[in-house]
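# Descriptive analysis of the structure
One letter stands for each residue in the lines below.
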Amino acid sequence: MPDNKEKYAQLQEAIAKHKGERGAVMPVLQEAMNIFGYVPQDVQEMIADGLGTTLSEVYGVSTFYSQFSLEPKGEHVIGVCLGTACYVKGSQKVLDKLSEELKIEVGRTTKDGKFTLNATRCLGACGLAPVMMIGDEVYGRLTPDQVPEILAKY
Ligand code: FES
């Protein structure tokens, strides 16, 4: 696909730009996210080759930071806040319930491509804790019991 060719060319440019910098993997992965929307295996390989580092290093960085995803994003991206205010009000339980309902781990996308489940830092709505976002929609004062009903809307 010509479209993809262009993306790979952009990636090569990003690699060339950061090559030789300390910690170049991070900014190049960020650029890869902007270009592709996720970081597939062949892109990780290109980054490793291009920067003269190992695939395991690139993979390590991309799995450590939640802003990088290794698969295409789902139609609806869910972000559950694990910031302090939300955490103390039980957001982990909400996250666990979502994970159970959607049958996916955090950071993954459902098989039908409908939902991606992420944990996030403070969303700036601590007064509504615990908070999650689905796309641009904010849900506050959540309990795990509300999860199925909310998911059913999508
Ligand atoms: S800690 Fe969750 S919105 Fe601030």
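Going by the structure above, here's the rest.
Throughout what follows, the structure given in this document is the object of discussion. Nothing here was measured: the structure is a model prediction, and the numbers come from that model. (Residues numbered from 1 in each chain as written. Predicted model: local features only at pLDDT ≥ 70, side-chain atom pairs only at ≥ 80, totals over all residues.)

This part is about the overall build of the protein chain. Along its length, the protein chain carries seven helices and four strands. A total of 154 residues make up the protein chain; the buried ones form 25% of that total. Summarising the internal contacts of the protein chain: among those between residues at least 6 apart in sequence, 60% fall at separations of at least 24. (Helix = DSSP H or I, 4+ residues; strand = E, 2+ residues; numbered from the N terminus. Buried ≥ 20, exposed ≤ 12 C-beta atoms within 10 Å, placed from the backbone. Contact = placed C-beta atoms within 7 Å.)

Along the chain, the position of Glu-137 falls in strand 4 (residues 137–139). In this structure the C-alpha to C-alpha distance between Glu-137 and Ile-78, which are 59 residues apart in sequence, comes to 9.5 Å.

To continue, consider the environment of Val-138. Looking at the secondary structure, you find Val-138 in strand 4. Val-138 gets classed as partly exposed once you count the C-beta atoms within 10 Å, which come to 15. Along the sequence, Val-138 and Asp-42 sit 96 residues apart, while their C-alpha atoms lie 35 Å from each other. If we skip the residues at most four places from it in the chain, Val-138 touches Ala-125, Val-131 and Met-133.

Moving on: the nonpolar core. With 16 residues, the main nonpolar core has Ile-78, Val-80, Val-94, Leu-98 and Met-132 as its most contacted residues. Secondary structure elements with two or more residues in this core: strand 1 (76–81), helix 6 (91–102) and strand 2 (115–120). Here the element with the most residues in this core is helix 6; it accounts for four residues. With residues up to four places along the chain from it excluded, the contact list for Val-80 reads Ser-91, Val-94, Leu-95, Leu-98, Ala-119, Thr-120 and Met-132. Among the nonpolar cores identified, the runner-up in size contains ten residues, and Val-25, Leu-29, Val-39 and Val-58 belong to it. (Core = buried A, V, L, I, M, F, W, Y, C linked by C-beta atoms within 7 Å.)

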